[in-house]
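These are the residues of each chain, in order.
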Amino acid sequence: MKKIEELYKQYIRDIYRYLVSMNHNGSLLEDLLSETYINAMNSIGNFKKESDIKTWLFSIARYTWFGYYIMKSLRNMVFQKDQQG
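Since this is a predicted model, take the numbers as computed values, not measurements.

What follows deals with the overall build of the protein chain. Helix and strand content of the protein chain: three helices and zero strands. Secondary structure elements of the protein chain occur, N-terminal to C-terminal, as α-α-α. Expressed as a percentage of the 85 residues in the protein chain, the buried residues total 27%. Here the contacts in the protein chain between residues at least 6 apart in sequence split such that 59% fall between residues at least 24 apart. Roughly 6,200 Å² of accessible area belongs to the protein chain as shown, and the carbon and sulfur atoms make up 53% of that amount.

So, in structure tokens, the structure goes:
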């Protein structure tokens, strides 16, 4: 299996463009891209080769993005509740 560094070099532009299509905040994009590769590095042992590695990385990017927005929504709900008293 390819090393994570090789995967990073090979797919960084594709993953970046994918994340840009979902969010246009430049600094957040860099964070999401980093988180995507950290998550990939942590779960590379679970890759079952049932799909292409690129598909697997895109799935990780999508779930990383979803996770960010879920947490952001939860924080906003808590903040609004605190504001209401």
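We are not done yet, so read on.
Okay, the packing of helix α1 (residues 4-22) against helix α2 (residues 26-43) next. Two numbers describe how α1 lies on α2: the axes approach to 10 Å, and their chain directions differ by 140 degrees. Relative to α2, the element α1 is oriented oblique. Where α1 crosses over α2, the handedness of that crossing is right-handed. Only L29, E30, L32, L33, T36, Y37, A40 and M41 of α2 make contact with α1, whose side of the interface consists of I4, L7, Y8, Y11, I12, I15, Y16, L19 and V20. Within the contact of α1 with α2, the residues separate by chemical class into 15 nonpolar, one polar and one charged.

Below, the discussion takes up α1. Its 19 residues give α1 an end-to-end C-alpha distance of only 24 Å, which falls more than 12% under 27 Å, the value for a rise of 1.5 Å per residue. Its maximal kink placed at Y11, α1 deviates by approximately 60 degrees. Listed as buried for α1 are I4, L7, Y11, I15 and L19.

Okay, the nonpolar core next. Counting 19 residues, the largest nonpolar core has Y11, I15, L19, Y37, W56 and L57 as the members making the most contacts within it. Those elements that place two or more of their residues in this core are α1, α2 and α3 (53-84). No other element matches α3, which puts seven residues into this core.

Calculation criteria
Residues numbered from 1 in each chain as written. Predicted model: local features only at pLDDT ≥ 70, side-chain atom pairs only at ≥ 80, totals over all residues. Heavy atoms only, no water. Helix = DSSP H or I, 4+ residues; strand = E, 2+ residues; numbered from the N terminus. Buried < 20%, exposed > 50% of the residue type's maximum accessible area, 1.4 Å probe, protein only. Contact = heavy atoms within 4.5 Å. Areas by Shrake-Rupley, 256 points an atom, 1.4 Å probe, with all protein chains shown as cover. Axes fitted to C-alpha atoms, helices over the stretch in contact; angles between N-to-C directions. Parallel < 35°, antiparallel > 145°, perpendicular 65-115°, else oblique. Left-handed = near helix turned anticlockwise from the far one by under 90°. Nonpolar A, V, L, I, M, F, W, Y, C, P; charged D, E, K, R; others polar. Expected span 1.5 Å × (residues − 1). Bend = angle between axes of the 7 residues up to and from the residue. Core = buried A, V, L, I, M, F, W, Y, C linked by side-chain atoms within 4.5 Å.

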